[in-house]
Amino acid sequence: MRIRVCWYKNAGVAGYAEAFRPVQSDSQTRGKKSCIPPERAGFLFNCKTLYNFKGGKGIAATAGLLLSFDLRLTLVAAIVFLAVFFLTHYVSLGSLLVYVVFVAGIIIMGQNGQFTGMSQANIYEMYVLAILLAILAYYKHWPNILRLIHGNENKTYLKKKKA
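Residues numbered from 1 in each chain as written. Predicted model: local features only at pLDDT ≥ 70, side-chain atom pairs only at ≥ 80, totals over all residues. Heavy atoms only, no water.

### Observations regarding the overall build of the chain
Counted only if it meets this: Every helix listed is a DSSP run of H or I at least four residues long, and every strand listed is a run of E at least two residues long, numbered separately from the N terminus. Only protein chains enter the area calculation, which uses a 1.4 Å probe; residues under 20% of their type maximum are buried, those over 50% are exposed, and those in between are partly exposed. In this analysis, two residues are considered to be in contact whenever any of their non-hydrogen atoms come within 4.5 Å of each other. Areas reported as accessible are Shrake-Rupley estimates using a 1.4 Å probe. Residue values count occlusion only from the protein chains shown.
Secondary structure assignment for the chain yields 7 helices and 0 strands. Listing every helix and strand of the chain by position from the N terminus yields α-α-α-α-α-α-α. Buried residues in the chain amount to 37% of all 163 residues. Intrachain contacts of the chain at a sequence separation of at least 6 include 65% that bridge at least 24 residues. Accessible area of the chain: about 10100 Å², with a carbon and sulfur share of 65%.

This is how it looks when you write it as structure tokens:
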């Protein structure tokens, strides 16, 4: 399994759709969807400059990775995110817990033999990559984690509160 990363120029609206389409991985995974295509990686860098997004690009790209990887894992992660969000109104907490679900799901699926046709070395490589993505997410969200610990992280509400 190889991770392919390159710059996807002029993402635009079409690039947004491209960033989240399912992609077949290389022949080593025998049809399993388990790679990060270049358009997802490139979308991360372009949407900030094109649309002035302030946050959520990495989590959105991971959602695309989850969607292309395994639908069951995506549904579990979505349920965890929505439950945490509606109970606490912290988007950052829900997003970070999605990475816990992602890593745990990859390891559980690998140990249960759901990656048939993949060598043990490739399965371990997937574990390492999932863990590295989670570490990167927690590193990039360290200020959010500190704000959560100190109780001054911004809450997000779908409806405006009545004054």
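### Topic: the side chain of S95
Of note, S95 is situated in helix α5 (residues 91-111). Judged by relative accessible area, which is 7%, S95 ranks as buried. The residues touching S95, leaving out its near neighbours within four places in the chain, are I59 and F81.

### Some words on the pattern of salt bridges
Note the following rule: Salt bridge, as used here: a side-chain nitrogen of Lys or Arg that lies within 4 Å of a carboxyl oxygen of Asp or Glu.
Taken as a whole and assessed by the stated rule, the structure comprises 2 salt bridges. As a salt-bridge pair, R72 and D70 come within 3.0 Å of each other at their nearest N and O atoms.

### Structural notes on the packing of α5 against helix α6 (residues 120-140)
The geometry of a pair of packed helices is captured by two quantities: the angle between their axes and the separation between those axes. We count it as follows: The convention used is that axes are lines fitted to C-alpha atoms, helices contributing only their stretch in contact, and that angles between N-to-C directions extend from 0 to 180 degrees. Note on terminology: angles under 35 degrees are roughly parallel, angles over 145 are roughly antiparallel, angles of 65 to 115 are roughly perpendicular, and the others are oblique. When residues are sorted by character, Ala, Val, Leu, Ile, Met, Phe, Trp, Tyr, Cys and Pro go into the nonpolar class, Asp, Glu, Lys and Arg into the charged class, and all the rest, Gly among them, into the polar class.
At a minimum axis distance of 9 Å, the contact between α5 and α6 shows a crossing angle of 170°. Judged by the inter-axis angle, α5 sits roughly antiparallel to α6. Contacts from L96, L97, Y99, V100, F102, V103, I106, I107, G110 and Q111 of α5 reach α6 at I123, M126, Y127, A130, I131, L133, A134, A137 and Y138. For the contact of α5 with α6, the per-class residue count stands at 17 nonpolar, 2 polar and no charged.

### Here we look at the environment of L96
Looking at the secondary structure, you find L96 in helix α5. Residue L96 is classed as buried on the basis of its relative accessible area, which comes to 4%. Placed 41 residues apart in sequence, L96 and A137 show a C-alpha to C-alpha distance of 7.3 Å. Residues contacting L96, with those up to four places away along its chain left out, are A137, Y138, H141 and I145.

### Quick look at the confidence of the model for the chain
The line we're drawing: Residue-level confidence of the predictor, termed pLDDT, takes values from 0 up to 100.
Confidence in the prediction for the chain averages 75 pLDDT; 65% of positions are at 70 or higher. Residue range residues 1-36 is modelled with pLDDT below 50. Its contacts to residues more than four positions away, or to other chains, number 88 contacts. Confidence over residues 38-46 falls short of pLDDT 50; this stretch has 36 contacts with residues more than four positions distant or in other chains.

### Some thoughts on a nonpolar patch on the surface
Threshold: Each patch groups residues whose relative accessible area exceeds 30% and which form no salt bridge, using 9 Å between like charges and 5 Å between nonpolar side chains of Val, Leu, Ile, Met, Phe, Trp and Tyr.
Where nonpolar side chains cluster on the molecular surface, the patch consists of I107, V128, I131, L132 and I135 and spans about 410 Å² of accessible area. The element contributing the most residues to the nonpolar patch is α6, with 4 residues. Mapped onto the elements, V128 comes out in helix α6.

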